[in-house]
Amino acid sequence: MINLSPVEIGAHTFLAVTVLLPKTTLLVVTSDKGYIMCGALDVGLLNEKLKDRNIIAGRAVGVKTIEQLLDAPLESVTVEAEKLGIHKGMIGREAMLKMI
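So, a few notes on the structure that sits alongside this text. Not measured: the values here are computed from a predicted model.

About the criteria used
As a convention, each chain's residues are numbered from 1 in the sequence order in which they are written. Only residues with pLDDT of 70 or above have their local features reported here, since the model is predicted, and side-chain atom pairs are shown and tallied only from 80 upward, although totals for entire chains, interfaces and linings are computed over all residues. To obtain the side-chain values, all non-hydrogen atoms of the structure were used and water was disregarded. Note on conventions: DSSP H or I runs of at least 4 residues are helices, E runs of at least 2 residues are strands, and numbering of each starts at the N terminus. Think of it this way: DSSP has to see at least two bridges between two strands before they count as a pair. Every case where a carboxyl oxygen of Asp or Glu lies within 4 Å of a side-chain nitrogen of Lys or Arg is listed as a salt bridge. Each residue gets one of three labels from its accessible area relative to the maximum for its type: buried under 20%, exposed over 50%, partly exposed in between, using a 1.4 Å probe on protein chains only. For this analysis, residues touch if any pair of their heavy atoms sits within 4.5 Å.

**Here we look at unusual backbone geometry**
So, step 1. Despite not being glycine, K23 shows a phi value in the positive range, around 70°.
So, step 2. Relative to the helices and strands, K23 resides in the loop between β2 (12-21) and β3 (24-30).

Structure (C-alpha cells):
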C-alpha cells in the first residue's frame, strides 16, 4: 500500500509518502527541491554514481513513522544538501524548511 499525505511544517506544506513493503516501510518527506528519507536511502550512491543529478536529500535511520522521520536527526546528507546548509545531525523538519 502507498499512502500520500500533506505534512505541515510552519507555514509550508510538504508531501509525505509511506510505502508498505514486506518486512519494511519506506518513508519519504519531499518538497519541490529535495527530500528526507528513512534508512533505505543510499546517500553514497547519490553522491557518487548520481552526482551529476545534484540531488538534495538526507537520511534518518531507525524511524518507523513520518513523525519520527521529521523529528529524527539526519544520519547523512548529500553534498548538494550541505550546500543549502543541511548537515548531519540536523532534525528532519529543520532540513525540510531549507528545501523550500
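**Things to note about the pairing of strand β1 (residues 2-9)**
So, step 1. Pairing of β1 with β2, which is carried by 8 bridges, proceeds in the antiparallel orientation. Paired with I9 across the strands is H12, a residue of β2.
So, step 2. With antiparallel pairing between neighbouring strands as the criterion, β1 and β2 make up a hairpin whose turn holds 2 residues, including G10 at a positive phi of roughly 60°.

**Quick word on the pattern of salt bridges**
So, step 1. Scanning all chains against the criterion turns up 4 salt bridges.
So, step 2. Of the charged contacts, one joins R93 and E67 as a salt bridge, the two residues approaching to 3.2 Å between their closest N and O atoms. Within this pair, whereas R93 is found in helix α4 (residues 92-97), its partner E67 is found in helix α2 (residues 66-71), the two being separated by 26 residues in sequence.
So, step 3. Between R93 and D71 there is a salt bridge, and its shortest N-O distance comes to 2.9 Å.

**A short note on the side chain of T18**
So, step 1. By the secondary structure assignment, T18 is in strand β2.
So, step 2. Overall, T18 belongs to the buried group, its relative accessible area being 17%.
So, step 3. Each residue touching T18, except ones within four places of it in the same chain, is listed here: M1, I2, N3, T25, L26, L27 and I66.

**Section: the pairing of β2**
So, step 1. As judged from the 7 bridges shared by β2 and β3, these two strands associate in the antiparallel manner. Looking at the pairing, L15 lines up with T30 of β3.
So, step 2. Hairpin connection from β2 to β3: 2 residues lie between these consecutive antiparallel strands, with K23 at a positive phi of about 70°.

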